[in-house]
Amino acid sequence: MKNILLLISAIVLCSITACNKDNIPGAGSNTIIGKWRWVKSVGGIGGSTSTPQSSGYTARYEFNADSSFQSFQDNKLLIEAKFRTTKNFKVSSTQTVDALLISGPTLDTRPVAYLIRNDSLYMYDIYIADGYNETYVRTK
């Protein structure tokens, strides 16, 4: 009886862990694909901090599996473009970062470094010493 219960438990456990939810990134995923809500930006010459509360608006980014990108402010679409990521982008002879480049017909962007940790996306300027660091959190 004990062996049968153990076998049934193992089968149930395997069935639960084998479920596929349409390749939606889950908690702790390190892929940039998904929807990201802006939390704060820090930087500039004065080292100022901006948040949705202090700025009076919300913002979000959406990175799609087809390499399309959308930027929204207060749920209004601002930018549609394409994006690409580059692992180990060489910043200097001793430093590499994971880089993100968003490009479109009206955009002339420089790559930014990005890091994903525990459903948070951190982006920072690579070539601007007093540039901004931005923090986003993954939304469902």
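Values in this document were obtained by computation on a predicted structure and should not be read as measured data. (Residues numbered from 1 in each chain as written. Predicted model: local features only at pLDDT ≥ 70, side-chain atom pairs only at ≥ 80, totals over all residues. Heavy atoms only, no water.)

Considering the side chain of Ser71
Assignment of secondary structure puts Ser71 in strand 4 (residues 68-73). Overall, the relative accessible area of 8% leaves Ser71 in the buried class. Dropping the residues within four chain positions of it, Ser71 is found in contact with Arg60, Tyr61, Lys76, Leu77, Leu78 and Ile79. (Helix = DSSP H or I, 4+ residues; strand = E, 2+ residues; numbered from the N terminus. Buried < 20%, exposed > 50% of the residue type's maximum accessible area, 1.4 Å probe, protein only. Contact = heavy atoms within 4.5 Å.)

So, the environment of Asp130
With respect to the helices, strands and loops of the structure, Asp130 is situated in the loop between strand 8 (120-125) and strand 9 (132-139). Residues Asp130 and Val42, 88 residues apart in the sequence, show an inter-C-alpha distance of 9.7 Å. Apart from residues no more than four positions distant in its own chain, Asp130 is found in contact with Gly43, Gly44 and Ile45.

With respect to the packing of aromatic side chains
Evaluation of the coordinates by the stated rule reveals six aromatic pairs. Measuring from ring centre to ring centre gives 5.0 Å for Tyr61 and Phe69, while their planes differ by 65 degrees; the resulting arrangement is edge-to-face. Judged on exposure class, the residue Tyr61 and its partner Phe69 are both buried. With centroids separated by 5.1 Å and ring planes inclined at 45 degrees, the aromatic side chains of Phe63 and Phe69 adopt a geometry described as tilted. Taken together, the aromatic side chains of Tyr61, Phe63, Phe69, Phe83 and Tyr136 make up a single cluster linked through ring pairs. For the cation-ring pair, Arg60 lies above Phe72, with the distance from its terminal atom to the ring centre recorded as 3.9 Å. (Phe/Tyr/Trp six-rings, centres within 6.5 Å; stacked < 30°, edge-to-face > 60°. Lys NZ or Arg CZ within 6 Å of the ring centre and 35° of its normal.)

Brief notes about unusual backbone geometry
Non-glycine residue Asp74 carries a positive phi angle of around 50 degrees. The partly exposed category is assigned to Asp74, whose relative accessible area is 44%. One non-glycine residue with positive phi stands out, namely Asn88, at about 55 degrees. Residue class for Asn88 comes out exposed when judged on its relative accessible area of 56%.

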